[in-house]
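# Structural features, examined
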Amino acid sequence: AAALKHVPLCEYNPFEAVSTNVYGTQNLIEVAREEGVERFLAISTDKAVNPINTMGATKLLSEKLVMNAALGEVKTLFSCVRFGNVINSGGSVIPVFKKQISEGGPVTVTSKDMTRFFMSSQEAVNLIFKATYKMKGREIFILKMQSLKIMDLAEVLIEELAPKYGYKPSEIKIKIVGIRPG
C-alpha cells in the first residue's frame, strides 16, 4: 500500500516517485516471490488510467510489474486494486475544506470543472478483502465509484459546516487557485 502518491511532490521529484512507486514495488514483488507469499495485492490509483502526471505514470508502471510478476514458476498470486479518493483520509480534500471553513474561508478549489472519484474507507477495506478472496492472479479490481465535482463538494460542505463554526454559508467564499502541477 505504501507509495509516493502526492501529485505535485511527484512532479517536483520524479526520481523519488520512480524509486518509491516502481523500484519499491519491484523489491516487494521479489521478496514475495522468494518467500512464497500466497497472495500479493498492490494498491494502485485511478490516476494510473491514461496517466497525465508522474504519479499516475509510476503507478501504471508498478501495476505492469505486478501483472507480470507471476510469469514463470511462481506460487504467489499477484493482483492490483485501484482506489479513487478515500473520503476523509489523510490525502483527502475534505479535511482541508473543513479546516478552511472553520477558519472563515476562503475554501480553495483548483478548478470549478475538476472532477474526482470518491470512495469511503469502508468501501476501500471491502474492496481489498473481496479482491484478496476472489483473486486468481493478474487482475485489476476496480470499485464502481461515485464521481463528484470538487466545486459541488466545496459548496455542500460550506452549506453544512459554516453554521457549526458560527458562520453563515454566504460568508465563506470559494477561491479558484488554479490547477496544481501534474
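Refer to the structure presented above.
Rules of the game
- Within every chain, residues take consecutive numbers counted from 1 along the sequence as written.
- Owing to the predicted nature of the model, reporting of local features is limited to residues with pLDDT of at least 70; listing and counting of side-chain atom pairs is limited to 80 or more, with chain, interface and lining totals taken over all residues.
- The side-chain quantities take in all heavy atoms of the structure and omit both hydrogens and water.
- For this document, the term salt bridge refers to a Lys or Arg side-chain nitrogen within 4 Å of an Asp or Glu carboxyl oxygen.
- Between buried and exposed lies partly exposed: a residue is buried under 20% and exposed over 50% of the maximum accessible area for its type, with that area taken using a 1.4 Å probe on protein chains only.
- In this analysis, the protein atoms alone were mapped onto a 1 Å grid. Cavities are point sets where a 1.4 Å probe fits without being able to get out; pockets are open sets with protein on both sides within 12 Å along at least five of seven lines; lining residues have an atom within 4 Å of a point.
- Grid points are joined across faces, edges and corners, and a volume is the space filled by probe spheres set on the points.
- Starting at the N terminus, helices and strands are each numbered in turn, a helix being any DSSP run of H or I of at least four residues and a strand any DSSP run of E of at least two.
- Residue type decides the class: Asp, Glu, Lys and Arg count as charged, Ala, Val, Leu, Ile, Met, Phe, Trp, Tyr, Cys and Pro as nonpolar, and the leftover types, Gly among them, as polar.
- Here, axes are lines fitted to C-alpha atoms. For helices the fit covers the stretch in contact, and angles between N-to-C directions go from 0 to 180 degrees.
- For this classification, under 35 degrees means roughly parallel, over 145 means roughly antiparallel, 65 to 115 means roughly perpendicular, and everything else is oblique.
- Each crossing gets its hand from how the near helix is turned against the far one by less than a right angle, where anticlockwise is left-handed and clockwise is right-handed.
- Only heavy atoms matter for contacts: two residues are in contact if any of them lie within 4.5 Å across the pair.
- At least two bridges found by DSSP between two strands is the condition for calling them paired.

Before going further, it helps to spend a moment on the pattern of salt bridges. Under the defined criterion, the tally for this structure stands at 4 salt bridges. For aspartate 46, the salt bridge goes to lysine 47, with nearest N and O atoms at 3.9 Å. You'll find aspartate 46 and lysine 47 in the same group, each marked buried. For lysine 99, the salt bridge is made with glutamate 103, and the minimal N-O distance between the two is 2.6 Å.

This brings us to the layout of surface pockets. Roughly 1400 Å³ of volume is contained in the largest pocket. In terms of lining, the largest pocket is formed by 46 residues, of which the most central are Val7, Lys47, Asn85, Arg116 and Arg180. Elements supplying a minimum of two residues to the lining of the largest pocket: α1 (7-12), β1 (39-45), α3 (54-68), β2 (77-83), β3 (85-86), α4 (93-102), β4 (107-109) and β5 (115-119). With 4 residues, the single largest contributor to the lining of the largest pocket is β5. Considering only residue class, the lining of the largest pocket consists of 24 nonpolar, 15 polar and 7 charged.

Here the focus is the packing of helix α2 (residues 14-35) against α3. At their nearest, the axes of α2 and α3 sit 9 Å apart, and the two run at 15 degrees to each other. In terms of orientation, α2 lies roughly parallel with respect to α3. Note that α2 runs across α3; the crossing there is right-handed. Side by side, α2 and α3 meet where Pro14, Ala17, Val18, Asn21, Val22, Thr25, Gln26 and Ile29 of the first sit next to Thr54, Met55, Thr58, Lys59, Leu61, Ser62, Leu65 and Val66 of the second. Among the residues making up the contact of α2 with α3, the classes are represented as 9 nonpolar, 6 polar and 1 charged.

If you trace the 3 strands from one edge of the open sheet to the other, you get β3-β5-β7, paired in mixed fashion. Every interior strand has two partners, whereas the edge strands, β3 and β7 (146-149), have only one. Across 4 bridges, the pairing between β5 and β7 is antiparallel. By the bridge assignment for β7, threonine 115 is matched with lysine 149. Each of β3 and β5 touches helix α5 (residues 121-134); the most contacted strand, β5, lies at about 70 degrees to it. Contacts from helix α6 (residues 150-161) reach β5 and β7 within the one sheet, and its direction differs from that of β7 by about 75 degrees.

What follows covers the sheet that holds β1. Strands sit in the order β1-β2-β6 across an open sheet of 3 strands; the sheet is parallel. Two strands lie at the open edges of the sheet, namely β1 and β6 (140-142), each paired on one side alone. Strand-to-strand twist in this sheet, taken as the mean axis angle between neighbours without regard to direction, amounts to 25 degrees. Relative to β2, β1 runs parallel, the two being bridged by 7 bridges. For arginine 39, the partnering residue across the bridge sits in β2 and is leucine 77.

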